[in-house]
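Here is how the chains run, residue by residue.
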Amino acid sequence: MLIGNLFPGSSEAFASTHQEQASEMDLKVMTYNLRYKNNSDASPHTWDERRPTISQLIHNEKPDIFGTQEALYEQIKELDEDLPKYDWIGEGREGGSKGEFMAVFYDKNRFSPIEYDHFWLSDTPDVIGSTSWGNTIPRMVTWVKFQDKKTGQQFYFINTHFDHRSQEAREKSAALIVEKIKEFNPELPILLTGDFNANPDTKPYQILTAEGAFADLWMTAETRINEDLGTFNGFNNPSGGGPNNRIDWILSKGNVTAKTIEIVNYQKNGQFPSDHYPVMADVTLQY
């Protein structure tokens, strides 16, 4: 379902508030660049070959909510077919079903989306498909405000994909996100997932993790799994480029802690599910 097309702008959906609100909520969060479908990826890394492996990985890891990057509408629809437990929200970066999606998949039995919107990483963030800052292709953010059906608690989930070429675009994209979240309810926790095309030694990371902005759950988690890996494997590098190539992040703002975070290097008979490794975190939101 292309929720981003069903209702203009932010949408309000009915969500029950009769539950007694709990003081904390545990959930599993994932970020995953799925690699767009194209005719240049050789076997066994074509989309049709990778599709069941990606679904298997997600079934194995059982995230409650996850953000994907790069997938085209056709891929999102097929993943939706493969994962009946989940619904999703998203819009193509060129508008509607056109271009790559920053889709947010969520356990439909657990969460109700009560508000959502998209903005583009440019000087005109409300203009669909807009570019600035030296990036030749549109970059965007999809965000959703969720309510947990069991606890009644709410939180924000943001998903993005920064430009792969323009350093200026990455820096200004980071600053725009920091500015945009000021419009959110400051009492609610925020989770930010994405492929940032930057490692933690760069200015975009510094902007996002400056005081009062986001915390990097990789740095704050009690336990880190696969610390020796990066997240971009290119279909041929099991090390993911090593720890200095950790370009896919899960960040948080507010009262969020992570018990465990992992770079998931699952392979199947030498096949990488994607050219990125997903990152998975067990987090607790406190209220």
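Residues numbered from 1 in each chain as written. Predicted model: local features only at pLDDT ≥ 70, side-chain atom pairs only at ≥ 80, totals over all residues. Heavy atoms only, no water.

## Quick look at the UniProt feature "domain: Endonuclease/exonuclease/phosphatase" (unreviewed entry) in the chain
This is how it is decided: UniProt positions are given in the numbering used here, feature names are shortened, and annotations may be inferred rather than shown by experiment. Under the scheme used here, helices are H or I runs from DSSP no shorter than 4 residues and strands are E runs no shorter than 2 residues, and both carry numbers assigned from the N terminus.
Per the UniProt entry, the sites bearing "domain: Endonuclease/exonuclease/phosphatase" (unreviewed entry) are residues 30-276 in this numbering. Measuring from the first to the last C-alpha atom of residues 30-276 gives 13 Å, for a span that is 20% helix and 28% strand.

## Notes on the pattern of salt bridges
Counted only if it meets this: Note on definitions: salt bridges are taken to be side-chain nitrogens of Lys or Arg within 4 Å of carboxyl oxygens of Asp or Glu. When accessible area is computed with a 1.4 Å probe and restricted to protein chains, residues below 20% of their type maximum are described as buried, those above 50% as exposed, and intermediate ones as partly exposed.
Using the criterion set out here, one finds 17 salt bridges in the structure. Between Arg110 and Asp64 there is a salt bridge whose closest N-O contact spans 3.3 Å. One end of the pair, Arg110, is in the loop between β4 (104-107) and β5 (111-120); the other, Asp64, is in the loop between α2 (47-61) and β2 (65-69), with 46 residues separating them in the sequence. Of the two residues, Arg110 and Asp64, both sit in the buried class.

## A look at the packing of α2 against helix α3 (residues 73-82)
Note the threshold: Helix axes use the C-alpha atoms of the stretch in contact, all axes being lines fitted to C-alpha atoms, and the angles between their N-to-C directions lie in the range 0 to 180 degrees. Oblique is the label for every angle not falling under 35 degrees (roughly parallel), over 145 degrees (roughly antiparallel), or within 65 to 115 degrees (roughly perpendicular). Crossing handedness follows the turn of the near helix against the far one: under a right angle anticlockwise gives a left-handed crossing, and clockwise gives a right-handed one. Between two residues, a contact is recorded if the distance between any of their heavy atoms is within 4.5 Å.
At their nearest, the axes of α2 and α3 sit 10 Å apart, and the two run at 45° to each other. When the interaxial angle is binned, α2 and α3 end up oblique. Pair α2 / α3 crosses with right-handed handedness. Where α2 approaches α3, its residues Trp47, Arg50, Arg51, Ile54, Ser55 and His59 are matched on the opposing element by Gln75, Glu78, Leu79, Glu81 and Asp82.

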